[in-house]
Protein chains: 2
Amino acid sequence: MPTRQLHLGAFMRPVSIHTGAWRYPGAWPDANFSFPKIKRLIQTLERGKFDAFFMADHLALLNMPVEALKRSHTVTSFDPLTLLPALAAVTERIGLIATASTTYNDPYHVARKFASLDHISEGRAGWNLVTTANPDAAMNFGHDAHMAHGERYKRAREFFDVVTGLWDSWADDAVIRDVESGIFFDPDRLHVLNHKGPELSVRGPLNIARPVQGWPVIVQAGSSEAGRQIAAETAEAIFAAPGTLADGQTFYADVKGRMAALGRDPELLKILPGCFVVVGDTVAEARAKRAHLDSLVHYDSAIASLSISLGVDASRFDPDGPLPPIPETEQSKSGRERAIRLAEREGLTVRQLAQRLGGYAGLSMVGTPESIADEMEQWLEGRGSDGFNIMFPHLPTGLDEFVDKVVPELQRRGLFRRDYEGRTLRDHLGLPRPKNQFFD
Amino acid sequence: MPTRQLHLGAFMRPVSIHTGAWRYPGAWPDANFSFPKIKRLIQTLERGKFDAFFMADHLALLNMPVEALKRSHTVTSFDPLTLLPALAAVTERIGLIATASTTYNDPYHVARKFASLDHISEGRAGWNLVTTANPDAAMNFGHDAHMAHGERYKRAREFFDVVTGLWDSWADDAVIRDVESGIFFDPDRLHVLNHKGPELSVRGPLNIARPVQGWPVIVQAGSSEAGRQIAAETAEAIFAAPGTLADGQTFYADVKGRMAALGRDPELLKILPGCFVVVGDTVAEARAKRAHLDSLVHYDSAIASLSISLGVDASRFDPDGPLPPIPETEQSKSGRERAIRLAEREGLTVRQLAQRLGGYAGLSMVGTPESIADEMEQWLEGRGSDGFNIMFPHLPTGLDEFVDKVVPELQRRGLFRRDYEGRTLRDHLGLPRPKNQFFD
């Protein structure tokens, strides 16, 4: 049995990342509004022993032209921190990772909601700490313009310190509940944070006991210089976005190297690239499925996705020419870089690039259960990742196929658990429970 | 059968309002942290056909001296908007009312979370719109001092307009999901709010479809002049706090009169006083239970509760003298007024008043199922209320007794439903679904 084991998250945004997914035969077009259907999906993931259900978030409509937006099933979705508690109540073991922005939130609310989710789920919460780049979000929160990249990351770093400080408000043994003496908690085991920083001022303490996991698992997704550095300092899992194994290995070595330089054990961070998986009984069948799926993406959506990735309006480019030089903007840097490199690597025209991005242009594994397991093993053994955040091409069938065909193949190879061994998300990921920074 | 029917909410703060409840024989001292126990409580409420589970909230520790705080089981609790989705997943019909402050929240988050809860629960959400007076909360949200009473209510009124405007972002028929044409929604049926007011600037639209109920039910609890006026303008249910039937009738006539003056149908608002109910097989047994419960409240907690109600430090008063004159402060006005009137009405010393307040000093019904039903009928027929928010003295037994003994007596008299007739909280309360203000 191999010593290294895969960790698998399921990336649900809000149900499938693929723009054409809601039109695929057998799909549930209304799944984004249907708690019973999402419940069915997460219970299948739990049957497949996934580490976690991972939910992205947006604080505005996606900033794409309305002609594309009107074709997107991602246009509306549940708030992750409202959906995940409901999913906690209908599952037993699977981790629950919610995205929450540090740009347009108060740290007291964020600390409290994740602590509540961690208690309700008995230790299964994770926080995907992101900054918000969508300029439309700024206008939903009383700002005229969005925050610059550097400022967002500065606030994010301080926000992390405040939230983790609030989680440590209570020593693990602070709550006594001594019925006889009538003492509910020991005030000497309660810490007042009194944080006053350049961006945030928060007194504390938090009005909820320390989370079951000490801290919910800290997840991040940025791949910019600032994003990698904050991840090396603070993250316990990264949603990475390499396009190739070589990219993955470079990213893996870079972030784990930064950790070593900071004196942090590199094992304390699991790097999990997003991976779009299409399963067939033959490779040809899997490719045909993907082609069918991509054919359901309208060109209007495709060109809009390219515009989002690049941070510029791509509809003014020559569709049949090569991608022109794209200036850096305040938009998400990782998306721009990935699109430019994909076009270069495969020599794609603007139209071809748009069609790929309009479906899903990132890392994908399209093949048989065996070929997919081969690829995953190669990534794991080659130090390209510690597992993956799986994206299902269409729901529920793409998920059913993964759980019924790929998971058993990974289990046969000893690469993935046959059952949950622990109870918390930290148990699943092999992460220690953090000590309280204010109490022994 | 009487034409008027009682509406019953269950006020869970976070489990029992009575400070001594966690020490009562058979109580669950850890219920505030235990989702399985709270699940058991709400399932009992649903068995009793309650209209709603109602959860209070605090954005800081309660502002009481630490010697009292350390005896309070209310010191930590779940965030309501995280707990209620989990409870939605384990119930079918009961309404779910969460408190959320307009003082230290963004309206976009509030609109989105309640819309999500309403979709997840299939139309059972209610929003208890409050302002936050606790000065400690201000310091948890980057402010040096709390907002003045008038300013809080001005912001609350504008916040209501923004949240309800965001809920109406999507026409009820906006989401088409036409698989054939690939159109997910009709952009002509999406409204951009573009709100720019004195306190708030929010563009919209909301990134979630219109709630199942159109709007979640709007609940309020303020009894000040500003609180009554905003309730008359906007509320659909009020958590009222009269001490006597005469007080209740005055409040009822005042608020429903304000509605009539505004051209609002008074039937569109249900007035539900908080009511602490202790059930016995005889009146003497019920009184003995309450005396036992009150005896579990420590004097330190009692004097602290009095200080909170009055907004001043009551520990410096002569315990055995009468209550001295209390100046108005920026604290909650209703609590101060209630305490002063209770002391006057019953001629209580500071110590006696503190002991009553330390347990629960508001409206209470202590007796047999028959005597309690008599009292409730008197309130209903006398236009003192449209029902009650029941507070259970101790959990789970106080709740079990209410559901097993009082509810059947109310049903026998035709005052309360024998089963749910509708599916949504609006159905239970007899409230219409609001029309979308931007679309036919």
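For the structure, see preceding data.
Treat the numbers as computed from the prediction; the structure is a model and nothing was measured.

By volume, the second largest pocket amounts to about 600 Å³. Lining the second largest pocket are 30 residues, with Asp106(A), Asn105(B), Asp106(B), His143(B) and Arg155(B) positioned closest to its centre. If you list the elements that add at least two residues to the lining of the second largest pocket, you get strand S8 (201-202) of chain A together with strand S8 (201-202) of chain B.

A word on the relation of the copies chain A and chain B. Least-squares fitting of chain A to chain B yields an RMSD of 0.1 Å, with the superposition described by an axial translation of 0.0 Å and a rotation of 180 degrees. The transformation just described matches what one would write down for a two-fold rotation axis. Across chain A, the smallest distance between a C-alpha and the rotation axis is recorded for Ala86(A), namely 2.0 Å. Mapped onto chain B, 100% of the interface residues of chain A are again interface residues, and the two copies thus contact each other with one and the same surface.

Listed per partner, the contact involves 68 residues of chain A and 68 residues of chain B. Across the interface of chain A and chain B, roughly 6,300 Å² is buried in total on both sides, 63% from carbon and sulfur atoms. Between the two partners, chain A and chain B, sit 8 salt bridges. Between chain A and chain B we count 36 residue pairs in polar contact (both at pLDDT 80 or more) in total. Secondary structure elements with two or more residues in the side of chain A that touches chain B: helix H2 (66-69), helix H3 (80-88), helix H4 (107-120), helix H5 (135-140), strand S5 (175-178), strand S6 (183-185) and S8 of chain A. At 8 residues, H4(A) tops the list of elements feeding residues into the side of chain A that touches chain B. Residues that form the side of chain A that touches chain B fall into these classes: 37 nonpolar, 17 polar and 14 charged.

This part covers unusual backbone geometry. All names here are of chain A. For the bond from Gly204 to Pro205, the omega torsion is 0 degrees, close enough to zero to count as cis. Mapped onto the elements of the fold, Pro205 is located in the loop between S8 and strand S9 (217-220). The backbone of Glu122 shows a phi angle near 55 degrees, a positive value even though the residue is not glycine. Mapped onto the elements of the fold, Glu122 is located in the loop between H4 and strand S4 (125-130).

The next subject is H4(A). Residues and elements named next belong to chain A. In this model H4 runs 20 Å from its N-terminal to its C-terminal C-alpha over 14 residues, within 8% of the 20 Å that 1.5 Å per residue would give. With respect to burial, H4 is a largely interior element, 14 of its 14 residues being buried. Where H4 ends, the next residue or the one after it, Glu122, has phi of about 55 degrees, a positive value.

All names here are of chain A. Where burial is concerned, most of strand S13 (residues 387-391) is hidden: 5 out of the 5 residues are buried. Because side chains alternate across S13, one face comprises the buried residues Gly387, Asn389 and Met391, and the other comprises Phe388 and Ile390, equally buried. Judged from the 4 bridges that link them, strand S1 (residues 7-12) and S13 form a sheet pairing that is parallel. From the neighbouring strand, Ala10 faces S13, where its bridge partner is Ile390. Examined bridge by bridge, strand S11 (residues 270-279) and S13 share 3 bridges and lie parallel to one another. Within the sheet, the bridge partner assigned to Phe276 lies in S13 and is Met391.

Here we take up the packing of H3(A) against H4(A). Residue and element names in this part refer to chain A. Interaxial distance between H3 and H4 falls to 9 Å at its minimum, and their mutual angle equals 10 degrees. When the interaxial angle is binned, H3 and H4 end up roughly parallel. Between H3 and H4, the residues in contact are Leu81, Leu84, Pro85 and Ala88 and Lys113, Phe114, Leu117 and Ile120, respectively. Considered class by class, the residues forming the contact of H3 with H4 number 7 nonpolar, no polar and 1 charged.

What counts, and at which threshold
- Throughout this document, residue positions are counted from 1 along each chain, in the order its sequence is written.
- Chain labels run from A onward and ligand labels from 1 onward, assigned in the order the entries are written.
- Totals for whole chains, interfaces and linings use every residue, but because this is a predicted model, local features are given only for residues with pLDDT of at least 70 and side-chain atom pairs only at 80 or more, for both listing and counting.
- The basis for the side-chain values is all heavy atoms of the structure; hydrogens and waters are excluded.
- Only protein atoms enter the 1 Å grid used here, on which a cavity is any set of points holding a 1.4 Å probe that cannot leave and a pocket is any open set flanked by protein within 12 Å on both sides along at least five of seven lines; residues with an atom within 4 Å of a point are listed as lining.
- Grid points are joined across faces, edges and corners, and a volume is the space filled by probe spheres set on the points.
- Strands are runs of DSSP state E lasting at least 2 residues, helices are runs of H or I lasting at least 4, and numbering of each runs from the N terminus.
- When the copies are overlaid, the least-squares fit takes in C-alpha atoms only where the residue has pLDDT of at least 70 in both copies.
- Note on contacts: a residue pair qualifies if any of its non-hydrogen atoms lie within 4.5 Å across the two residues.
- As used here, buried area is the combined drop in accessible area, with a 1.4 Å probe, of two parts when they are placed together.
- Only one rule defines a salt bridge in this text: a Lys or Arg side-chain nitrogen within 4 Å of an Asp or Glu carboxyl oxygen.
- Two N or O atoms count as a polar contact when they lie within 3.5 Å, although within protein this holds only if one can serve as hydrogen donor and the other as acceptor, and sequence-adjacent residues are included solely when both atoms are side-chain atoms.
- Residues are grouped as follows: nonpolar covers Ala, Val, Leu, Ile, Met, Phe, Trp, Tyr, Cys and Pro; charged covers Asp, Glu, Lys and Arg; every other residue, Gly included, is treated as polar.
- Helix span, expected: 1.5 Å multiplied by one less than the number of residues in the helix.
- Partly exposed describes any residue whose relative accessible area lies between the buried limit of under 20% and the exposed limit of over 50%, with all areas from a 1.4 Å probe on protein chains only and scaled to the type maximum.
- At least two bridges found by DSSP between two strands is the condition for calling them paired.
- Angles run from 0 to 180 degrees between N-to-C directions of axes, and those axes are lines fitted to C-alpha atoms, restricted for helices to the stretch in contact.
- For classification purposes, an angle smaller than 35 degrees is called roughly parallel, one larger than 145 roughly antiparallel, one from 65 to 115 roughly perpendicular, and anything else oblique.

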